[in-house]
Amino acid sequence: MGSLDQREYERLLNFRTGLRRFLKWSAAQAAAAGLTPARHQLLLAIRSHPDPAGPTVGDVARYLTIRHHSTVELIDRAVAAGLVERRQDSDDSRAVRLRLTVDGDERLARLTELHLEELRRLAPQLTGLWEGLDP
């Protein structure tokens, strides 16, 4: 392991601090939209899934990096809140697919616009953190 200089420690600190600030800001935006950060991430995982049929519970668990049963509980709460719907897969009756309701889609769209705007604002700061990290 090579020796690390002060600047490398500072870059890592700045990066981790920036991530924490962004996540704190994101949580506040989700709360303003009536969502928890986990529910916001759930909606994003469902909406972003490339298969038009929608993701399965297993797909969402992998996106959120949480256990299957925890994902089911999160989905149950989102269904009860009117944000997510479950549908049986048309090709595989054993599989359940997820999709957003109109309310879930509208809330996510507003949050996504805010997040992309914030990321555009932060881009110049992030670029400096990546410099010199390419292999």
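Computed from a predicted model, the values in this text were never measured in an experiment. (Residues numbered from 1 in each chain as written. Predicted model: local features only at pLDDT ≥ 70, side-chain atom pairs only at ≥ 80, totals over all residues. Heavy atoms only, no water.)

Take unusual backbone geometry next. Backbone geometry places Thr65, a non-glycine residue, at a positive phi of 50°. Mapped onto the elements, Thr65 comes out in the loop between α3 (57-64) and α4 (68-80). (Helix = DSSP H or I, 4+ residues; strand = E, 2+ residues; numbered from the N terminus.)

Moving on to the side chain of Arg107. With respect to the element layout, Arg107 can be found in helix α5 (residues 102-130). Take Arg107: its relative accessible area is 18%, and that puts it in the buried class. The residues contacting Arg107, other than those within four sequence positions of it, are Ala33, Gly34, Leu35 and Leu83. (Buried < 20%, exposed > 50% of the residue type's maximum accessible area, 1.4 Å probe, protein only. Contact = heavy atoms within 4.5 Å.)

So, about the nonpolar core. Counting residues in hydrophobic clusters, the biggest one holds 18 residues, and the most contacted among them are Leu42, Leu43, Ile46 and Val84. Excluding residues that lie within four positions of it along the chain, Leu42 makes contacts with Val60, Leu64, Leu74, Ile75, Ala78 and Val84. (Core = buried A, V, L, I, M, F, W, Y, C linked by side-chain atoms within 4.5 Å.)

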